[in-house]
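# What the coordinates show
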Amino acid sequence: MFVAAKANFCLYFSELCCLFCCPPFPGRIAAKLAFLPPEPTYKFVPCDESSTKYRIQYLDRAEWQFGERDKESVESFFTRTSRGNLIPCIFIKCCSNAKYTLLFSHGNAVDLGQMSSFYMGLGTRINCNIFSYDYSGYGISAGRPSEKNLYADIEAAWHALRNRYGISPENVILYGQSIGTVPTIDIATRYEVGAVILHSPLMSGMRVAFPNTKRTWFFDVFPSIDKVSKVQSPVLVIHGTEDEVIDFSHGLGIYEKCAKAVEPLWVKVLGIMMWNCTINTSID
């Protein structure tokens, strides 16, 4: 017992030394976890004078891979967050008989315009509709990216999906990718849904910037590792074993903390076909 206590003290002391010698300045963390909103790749064009309904117009950078008629399946509108930011949302009706709708929180450095083709292809293959939104400061959203805004953004998206389309929580699948797993885990602690998919999740900001970090410090950001155990929905974790951005240890750590984890998917290459097979398995 004494030896174990001594070892724990040494580990704790070494962490403190590391923090004081190489303090966690926000710039250091941002170097690896910076918000990187791209130049907007789409516009919302009002359908009428009321400006409550919009059609999405994809710019060349969006690389829309479907026909003009397929755009009719994309419903576009704005919703306002509790922090006052107006954010765009899209609902892609991929299948008329879809049982499930994915509330998709995308990764960094992309926006709704760049993700729309993927959403359309994914939803068609797995017979699901897709609902997604842009974070504050991304795409044509108001505000700026921040941790607090991430949580407010997904809360607004959740209520828009529930109130506008009347979809029951048990028919919603929360899907978070990379930084999108942060708001996904946060909202999953408050609402029980059909399933939660965490694709390349991170345990916390400090643990990404400083891999030897073993505990959550008061100044840490994105502390998903301390929240995920409160999620009462089935959770599927997907992570690349050779991920060079968010180390595989993060996916493993999140998985081990899940209260209702299903068998995880550890892969070297995360292709679209692999995503589809995984989601199909989790839904069935």
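Parameters at a glance
- Residues numbered from 1 in each chain as written.
- Predicted model: local features only at pLDDT ≥ 70, side-chain atom pairs only at ≥ 80, totals over all residues.
- Heavy atoms only, no water.
- UniProt positions renumbered as here; feature names shortened; annotations may be inferred.
- Helix = DSSP H or I, 4+ residues; strand = E, 2+ residues; numbered from the N terminus.
- Buried < 20%, exposed > 50% of the residue type's maximum accessible area, 1.4 Å probe, protein only.
- Pairing = 2+ DSSP bridges.
- Expected span 1.5 Å × (residues − 1).
- Contact = heavy atoms within 4.5 Å.
- Right-handed = clockwise from strand over helix to strand, strands pointing away.
- Polar contact = N/O pair within 3.5 Å; in protein donor to acceptor, adjacent residues only side chain to side chain.
- Salt bridge = Lys/Arg side-chain N within 4 Å of Asp/Glu carboxyl O.

With an unreviewed UniProt entry as reference, the protein is termed palmitoyl-protein hydrolase, source organism Phlebotomus papatasi. Its UniProt record gives the protein a comment under Sequence similarities (unreviewed entry), which states: "Belongs to the AB hydrolase superfamily. ABHD17 family." UniProt, in the comment section headed Catalytic activity (unreviewed entry), describes the protein in these words: "S-hexadecanoyl-L-cysteinyl-[protein] + H2O = L-cysteinyl-[protein] + hexadecanoate + H(+)".

### Section: unusual backbone geometry
Positive phi, close to 55 degrees, is recorded for S200, a residue that is not glycine. With respect to the helices and strands, the residue S200 is situated in the loop between β8 (195–199) and α6 (205–209). Relative accessible area serves as the criterion here: at 8%, S200 is assigned to the buried category. Even without a glycine there, the phi angle at F222 is positive, about 55 degrees. Note on placement: F222 falls in the loop between α6 and β9 (235–240).

### A closer look at the pairing of strand β2 (residues 54–58)
The alternating pattern of β2 places Y54, I56 and Y58 on a buried face, while none of R55 and Q57, on the opposite face, is buried. In terms of strand pairing, strand β1 (residues 42–46) meets β2 through five bridges, oriented antiparallel. By the bridge assignment, P46 is partnered in β2 with Y54.

### Here we look at helix α4 (residues 147–165)
With 19 residues, α4 ought to run about 27 Å at 1.5 Å a step, and its terminal C-alpha atoms sit 27 Å apart, in line with that. For α4, every residue scored as buried is listed here: N149, L150, Y151, A152, D153, I154, E155, A156, A157, W158, A160 and L161. Elements that come into contact with the buried residues of α4 comprise β3 (74–80), β4 (86–92), β5 (100–105), β6 (128–133), β7 (172–177) and α5 (181–188). Positioned one or two residues after α4, G166 has a phi angle of 65 degrees, which is positive.

### Brief notes about the pairing of β8
Among the five residues of β8, five are classified as buried, and the element is accordingly described as predominantly covered. Side chains A195, I197 and H199 project from β8 onto one buried face, and the interleaved V196 and L198 project onto a second face that is buried too. Pairing of β7 with β8 involves five bridges; the strand directions are parallel. Bridge pairing in β8 places L174 opposite V196. Each parallel crossover has a hand, and for β7 linked through α5 to β8 it is right-handed.

### Regarding the environment of H106
For H106, the position within the fold is in the loop between β5 and α3 (112–126). Separated by 74 residues in sequence, H106 and G180 have C-alpha atoms that sit 5.2 Å apart. At 2.7 Å, the side chain of H106 and the side chain of D134 are in polar contact.

### A closer look at the pattern of salt bridges
Counted under the stated rule, the structure contains seven salt bridges. Where D186 meets R190, a salt bridge forms, and the shortest distance between an N and an O atom there is 2.8 Å. The exposure class assigned to R190 is partly exposed, which follows from its relative accessible area of 41%. Notably, a salt bridge pairs R207 with D220, separated by 3.8 Å at the nearest N-O pair. Of this pair, R207 sits in helix α6 while D220 sits in the loop between α6 and β9, and the two are 13 residues apart along the sequence. Taking the relative accessible area as the measure of exposure, R207 reaches 9% and is therefore buried. Taking the relative accessible area as the measure of exposure, D220 reaches 10% and is therefore buried. Connected through shared salt-bridge partners, E155, D186, R190 and K227 make up one network.

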